[in-house]
Number of protein chains: 2
Amino acid sequence: MSKKTTIYDIAKALNITAATVSRALNDNPRISSDTKKLVLETAKKLNYKQNRLALALKSGKSKNVGVVLPIINRNFFSNVIRGVEEELNPMGYNVIICQTHDDEKKEADVIQNLLNAQVDGIIMSIARHTKNTGHFEQVLKKNVPLIFFDRKVDIKGASSVTLDDYRGAYEATQHLIDQGCAKIAHFTVDRSLEIYKNRFEGYKQALLDSDIGFNEKYLLGLESKIEAGKEAAKKLMELADPPNALFSASDLAALGAIQYLKEIGLCIPEDFCVVGFSNEPFTQFMELPISSVDQSPMLMGRTAAKVFLEQIDSDTVKTKKRIVLAPSLKIRKSSSRSNPTL
Amino acid sequence: MSKKTTIYDIAKALNITAATVSRALNDNPRISSDTKKLVLETAKKLNYKQNRLALALKSGKSKNVGVVLPIINRNFFSNVIRGVEEELNPMGYNVIICQTHDDEKKEADVIQNLLNAQVDGIIMSIARHTKNTGHFEQVLKKNVPLIFFDRKVDIKGASSVTLDDYRGAYEATQHLIDQGCAKIAHFTVDRSLEIYKNRFEGYKQALLDSDIGFNEKYLLGLESKIEAGKEAAKKLMELADPPNALFSASDLAALGAIQYLKEIGLCIPEDFCVVGFSNEPFTQFMELPISSVDQSPMLMGRTAAKVFLEQIDSDTVKTKKRIVLAPSLKIRKSSSRSNPTL
DNA sequence: TTGTATGCGTTATCAC
DNA sequence: GTGATAACGCATACAA
């Protein structure tokens, strides 16, 4: 109800001008410590709060950054947001969240919206089927830092923070080989996305680097769902020469596979080893904890935020960065023959 | 790089005034359809985008709402945000996320910050130990709608959307009684928070309404963690007359209890029934799926957002609302003696 | 050290 | 139907 107090109110109260008040509030060097003190006092007395909107309009900096991602209520994405928020909030930035639901049109819409809102930067993971990159170029053309995380697209001027999916997959597969598994299957999701393509490539290369070799029949594409994992596992076990290990690019699919394998009486990890990807919380809660590749999503968020801060500081050097984080294989019982205590 | 185009640019291009352009852009009735068409065309040609900041400063409405919560990377909270975002985004609002880490000072800080940013409303769940309500009253004094969800505090002028925790707990306990359990324990977390207090009360009342009665020795306070659940279960089973069922206000603690009970050789649900609270994703993924009370967090978020929209529309009637959502007991194997197929 | 004037991009209130 | 002008709240270049 009470009219918001502005610098004019406090100027009037002190019989000085708004400019002086502004200077006092901003620690401007050329101001007498007397008036400064006076201003600060009455500012507090009048319960003055700076209107960030006015400042934003004036300065052209909104102190907001947009975070755009497919969907927020997934462990990976919400952790990334947490990382971003915790890095940016202390620096005076607010974080605006937008979901694309993996829809390209919606993605373009929210980006346009963020641009209209004058965000100082955009941190995002692209929608699943985005082909057109026009809306990304819009961002860069307006000189707004654009940082991709996890799912990126290669655009000149954009930065990215990703996981070394290739290495994660390679290590997971190598681990399975080390456990004595020679017939290792792979669940892939959507290889038109770099992350899944890289996971596949890492898997394949690990096999090629061993004396096992890559076998097309052990490769299955599916959705990241439990049921899909069950069905795919069924297909695998009905092969003439079924596999004895699985590296799944999806934790949920890995879980589904495990459920099926148990149903048909297999012992894990004795008869069959399984490694998933993402290190979803449930993987460690299971009676049979599932090995998985951790993506350190919070660190990814923090790192993306740091890249943004660098870019915003040095608008002289347009240093687009490509940061690749190291994966971390969490070995648990589902693939641990050598260490039964896990 | 390219200077942002304003209504002045398009005014200049057409040899008219900015006011006219503004009117054309806003479908003002008193404008010739000719100029309107012309304006729209050149607007598109010059790639004009409205600067929401300027509009915000002028109108006093930022079209942003703040969502304040303890921590974002938890299933419950990220789902609430999703609900809020999906309800508000189509109405032209952006959602700003702030975490309090359950710290009262931080909570006061982010709220002040949001107020400075001129948010049009605040949707929040209070920090765990917040006692002082000064920062909430600040919000209301500025006439900014304040809607609590889940964890609320009773303040005149603030709305709230909560779950009927009492009923959820009552139904869970009743369900355990129906399964033939007569000695039902309860894990509570922090009864200084309404939600946990209500869960306890619902549990207690269900017992009192049956011929079982409430027994203090079956009540244990703990943290919402697996280890805590294990330890508490151990304590319970070391009682002279150990219980044969558990209603836990925390899913994680319920999981811990189950792990311990299995360790000592008990069969679930034959020997011991367990129901948790929150319906965390992992509860349904387990080999032994855990019964739990669902809080419909997405609906909670959507509802809170709707309340905000109502409040913003009718600034005439200050109708504070108190909405209580119905819980939904998910019965799974951990408590299902009657239906072994679960 | 302080005051004056101006602009950030829009919309609203006057006039014409 | 359109133009001129003020205002939102703040910061700054320029004067004094």
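Refer to the structure presented above.
Residues numbered from 1 in each chain as written. Chains lettered and ligands numbered in written order. Predicted model: local features only at pLDDT ≥ 70, side-chain atom pairs only at ≥ 80, totals over all residues. Heavy atoms only, no water.

## Some words on the protein's contact with DNA strand D
In the vicinity of DNA strand D, 27 residues are found, and the nearest of them are A:Ile7, A:Tyr48, B:Thr17, B:Thr20 and B:Arg23. Contacts to DNA strand D include A:Ser22, whose side-chain N or O atom sits 2.9 Å from a phosphate oxygen. With respect to DNA strand D, the backbone of A:Ala54 contributes an N or O atom lying 3.4 Å from a base nitrogen. Looking at the surface near DNA strand D, its residues break down into 10 nonpolar, 10 polar and seven charged. (Near = heavy atom within 4 Å. Polar contact = N/O pair within 3.5 Å; in protein donor to acceptor, adjacent residues only side chain to side chain. Nonpolar A, V, L, I, M, F, W, Y, C, P; charged D, E, K, R; others polar.)

## Side note on the sheet that holds strand 7 (residues 219-221) of chain A
All names here are of chain A. Strand order across the open sheet formed by six strands is 7-6-8-9-10-12, with mixed pairing between neighbours. Since the sheet does not close on itself, it has two edges, and those belong to strand 7 and strand 12 (328-330), each with one partner. For this sheet, the mean inter-axis angle between neighbouring strands, taken without regard to orientation, is 20°. Of the pairings in the sheet, the one linking strand 6 (residues 184-188) to strand 7 comprises three bridges and is parallel in character. Within the sheet, the bridge partner assigned to phenylalanine 187 lies in strand 7 and is leucine 220. Contacts from helix 10 (residues 226-237) reach strand 6 and strand 7, with the element oriented near 145° to strand 6. Each of strand 6, strand 8 (245-248), strand 9 (273-278) and strand 10 (291-294) touches helix 11 (residues 251-263); the most contacted strand, strand 9, lies at about 160° to it. (Pairing = 2+ DSSP bridges. Helix = DSSP H or I, 4+ residues; strand = E, 2+ residues; numbered from the N terminus. Axes fitted to C-alpha atoms, helices over the stretch in contact; angles between N-to-C directions. Contact = heavy atoms within 4.5 Å.)

## Re the interface of chain A and chain B
Taken together, the contact pairs 52 residues of chain A with 52 residues of chain B. Salt-bridge contacts for B:Lys262 lead to A:Glu287; the nearest nitrogen and oxygen are separated by 2.9 Å. Run the count over chain A and chain B and you get 21 residue pairs in polar contact (both at pLDDT 80 or more). Of all the elements in the fold, those that place two or more residues in the side of chain A that touches chain B are helix 4 (52-59), helix 5 (75-88), strand 2 (94-99), helix 6 (104-116), helix 7 (134-141), helix 11 and helix 12 (281-285) of chain A. When grouped by side-chain class, the residues that make up the side of chain A that touches chain B number 21 nonpolar, 20 polar and 11 charged. Across three bridges, the pairing between strand 2 of chain A and strand 2 (residues 94-99) of chain B is antiparallel. Among the inter-strand pairings, A:Ile97 is bridged to a residue of strand 2 of chain B, identified as B:Val95. (Salt bridge = Lys/Arg side-chain N within 4 Å of Asp/Glu carboxyl O.)

## A closer look at the pairing of strand 2 of chain B
Residues and elements named next belong to chain B. Across the six residues of strand 2, six count as buried, placing the element largely inside the fold. By the bridge criterion, six bridges tie strand 1 (residues 64-69) to strand 2 in an arrangement that is parallel. Bridging from a neighbouring strand, valine 67 pairs with isoleucine 97 of strand 2. Traced from strand 1 through helix 5 (residues 75-88) to strand 2, the parallel crossover comes out right-handed. (Buried < 20%, exposed > 50% of the residue type's maximum accessible area, 1.4 Å probe, protein only. Right-handed = clockwise from strand over helix to strand, strands pointing away.)

## Points about the protein's contact with DNA strand C
In the neighbourhood of DNA strand C, 26 residues make up the surrounding shell, with A:Thr20, A:Arg23, A:Lys58, B:Ser22 and B:Tyr48 lying closest. At the protein interface, 56% of the atoms of DNA strand C within 4 Å belong to sugar or phosphate. Contacts to DNA strand C include B:Ile7, whose backbone N or O atom sits 2.9 Å from a phosphate oxygen. Here a base oxygen of DNA strand C and a side-chain polar atom of B:Lys58 are 3.1 Å apart. Elements that contribute at least two residues to the surface near DNA strand C include exactly helix 2 (18-25) and helix 4 of chain A together with helix 1 (7-14), helix 2 (18-25) and helix 4 (52-59) of chain B.

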